[in-house]
Amino acid sequence: MSTIEQPVAIDGEKLMQFVFRAVDEVGATLNTALVVMGDRLGLYKALAGAGPLSPAELAERTGTAERYVREWLNAQAAGGYVAYDPDSGRYTLPPEQAAALTDPSSPAYLPGFFQIALGSVVDSPQIVEKARSGDGFGWHEHVHDVHGGCERFFRTMYNGHLVAEWLPALDGVAEKLERGALVADAGCGHGSSTILMAQSFPNSTFVGSDYHEGSIETARQRAQEAGVSDRVSFQVSPAAGYEGHGYDLVTMFDCLHDMGDPVGAARHVRSTLAPDGTWMIVEPHAGDRVEDNLNPVGRAFYGFSTLLCTPASLSQEVGLALGAQAGEARIGDVVKAGGFGRFRRAAETPFNLVFEARI
């Protein structure tokens, strides 16, 4: 006998709630490009602290076309990024938004977050095809906005927390760095973390490494500009193959989950550490269960993980694909499989977890 499936009743009110939520999501998606536009054209900076401005005044200050600026301002006002006064027809950037959108020293500085999101969306058609085949897509294959946006966003975290909170949370590490230590910063990208540590601890020596040659070229240039190239060097090498031994500290910032063979990388770290050395692992903030991460931060990181992190790992040997929301337990398993006997959470922020591993 065949069964006849009964139609599922649709709650009309819930359906429309979802439709209008989707409308809001489309607006937010488009706003990612608009924020990057405002950042690149200097629109936010011109609005910051300027008081109410008309579209024509903002266009004149930024050397842009008034008609584009007017439409951009209206989109920003509709999203709550700028305030609009209908009586005067002028727009104001509130001080809180100014801090988040124009001040690179602010711990809430956000343009890089939008830039990496835009780059991820631009590259998403290629990820669609990789999802059909199961193949990976390397970090080096992405557009510049992925690289540049990633560095800008995470540099904000490092500036706000690395020297003041994360390093002091490790057992005896800050004191070693003050006296003079040898440090390897694996997966350093553009070298922001390496250079920041070198600026803060002039008695120590730092070796940054990354498999992406273009990022290392940028890192070398920035170290020169920062005046720390006398105690900072960079090498093109994967995390499981960087050179040197006897390191007092090895750091990995938001990159272990991107690696195809994180256990192999862990074994290599152990082989290069001094007997009393420390491995500091900074990872995206995540709980161990899916339900722990069903929140705004988890949603953003799951999105980046789908478009960036998982494809990057799958493009490499082993392809473990931990994902950006791996969580403490899975990171701990990797560390212990690499031969480390001690592992603990040393610090955290709403966006990061900081782990300490010791032999």
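Our subject is the structure listed above.
The rules behind the values
Residues numbered from 1 in each chain as written. Predicted model: local features only at pLDDT ≥ 70, side-chain atom pairs only at ≥ 80, totals over all residues. Heavy atoms only, no water. Pairing = 2+ DSSP bridges. Helix = DSSP H or I, 4+ residues; strand = E, 2+ residues; numbered from the N terminus. Axes fitted to C-alpha atoms, helices over the stretch in contact; angles between N-to-C directions. Contact = heavy atoms within 4.5 Å. Buried < 20%, exposed > 50% of the residue type's maximum accessible area, 1.4 Å probe, protein only. Expected span 1.5 Å × (residues − 1). Bend = angle between axes of the 7 residues up to and from the residue. Phe/Tyr/Trp six-rings, centres within 6.5 Å; stacked < 30°, edge-to-face > 60°. Parallel < 35°, antiparallel > 145°, perpendicular 65-115°, else oblique. Left-handed = near helix turned anticlockwise from the far one by under 90°. Nonpolar A, V, L, I, M, F, W, Y, C, P; charged D, E, K, R; others polar. Core = buried A, V, L, I, M, F, W, Y, C linked by side-chain atoms within 4.5 Å.

Student: How would you summarise the sheet that holds strand S5 (residues 232-236) if you had to cite specific residues and measurements?
Tutor: Reading across from one edge, S5-S4-S3-S6-S7-S9-S8 is the order of the 7 strands in this open sheet, with mixed pairing throughout. What marks the edges here is a single partner per strand, and that holds for S5 and strand S8 (342-348). This sheet shows a mean twist of 20 degrees between the axes of neighbouring strands, independent of strand direction. Relative to strand S6 (residues 247-253), strand S3 (residues 182-186) is paired through 4 bridges, and the arrangement is parallel. Bridge pairing in S6 places valine 183 opposite leucine 249. The sheet strands contacting helix H10 (residues 213-226) are strand S4 (205-210) and S5, and the helix crosses S5 at an angle near 170 degrees.

Student: A description of helix H9 (residues 192-200) should follow, citing residues and the corresponding values.
Tutor: The buried count for H9 comes to 7 of 9 residues, which makes it a mostly enclosed element. Buried-residue contacts for H9 involve helix H7 (144-166), S3, S4, H10, S5 and S6.

Student: Break down the environment of valine 36 for me, with residues and values.
Tutor: Following the sequence through the fold, valine 36 ends up in helix H1 (residues 12-40). Judged by relative accessible area, which is 5%, valine 36 ranks as buried. Note: C-alpha distance between valine 36 and leucine 110 (74 residues apart in sequence) is 10 Å. Residues within four places of valine 36 in sequence aside, it is in contact with Phe114, Gln115 and Leu118.

Student: I'd like a rundown of H1, residues and numbers included.
Tutor: The first and last C-alpha atoms of H1 sit 43 Å apart over 29 residues, in line with the 42 Å expected at 1.5 Å per residue. The largest bend in H1 amounts to roughly 25 degrees and is located at asparagine 31. Turning to H1, its buried residues are Asn31, Thr32, Val35, Val36, Gly38 and Asp39. Packed against the buried residues of H1 are helix H2 (43-47), helix H4 (66-78), helix H5 (95-102), helix H6 (111-133) and H7.

Student: Explain the packing of aromatic side chains to me, and be specific about the residues and the numbers.
Tutor: According to the stated counting rule, one finds 14 aromatic pairs in the structure shown. Measuring from ring centre to ring centre gives 5.1 Å for tryptophan 279 and phenylalanine 340, while their planes differ by 40 degrees; the resulting arrangement is tilted. A residue pair is termed long-range when its members are at least 10 positions apart, and tryptophan 279 in strand S7 (residues 273-284) and phenylalanine 340 in the loop between helix H13 (328-337) and S8 qualify at 61 residues. By the ring-pair criterion, three or more aromatic residues cluster together here, those being Phe113, Phe153, Phe154, Tyr158, Trp166, Phe253, Phe304 and Phe351.

Student: Which residues make up the packing of H6 against H7, and what values go with them?
Tutor: Between H6 and H7, whose axes approach to 7 Å, the crossing angle comes to 155 degrees. Here H6 is positioned roughly antiparallel relative to H7, judged by the angle of their axes. For H6 against H7, the interelement crossing comes out left-handed. Touching Pro111, Gly112, Phe113, Gln115, Ile116, Leu118, Gly119, Ser120 and Asp123 of H6 are His144, Asp145, Val146, Gly148, Gly149, Cys150, Arg152 and Phe153, all from H7. Its residues placed into classes, the contact of H6 with H7 shows 7 nonpolar, 7 polar and 3 charged.

Student: Give a description of the nonpolar core that names residues and reports values.
Tutor: Counting 43 residues, the largest nonpolar core has Leu162, Trp166, Leu167, Leu177 and Met280 as the members making the most contacts within it. The greatest single-element share of this core, amounting to 8 residues, is contributed by H7. Excluding residues that lie within four positions of it along the chain, methionine 280 makes contacts with Leu162, Trp166, Leu167, Leu170, Leu249, Val250, Thr251, Met252, Phe253, Val354 and Phe355. Met259, Val263, Leu273 and Val334 belong to the second largest nonpolar core, which has 27 residues in total.

Student: Could you give me a rundown of unusual backbone geometry, with the residues and numbers involved?
Tutor: Comment: phi is negative for the bulk of residues other than glycine, and the bulk of peptide bonds are trans. Phi is positive for valine 318, close to 75 degrees, though the residue is something other than glycine. Considering the arrangement of structural elements, one finds valine 318 in the loop between helix H12 (296-314) and H13. Unlike most non-glycine residues, alanine 321 shows phi in positive territory, near 55 degrees.

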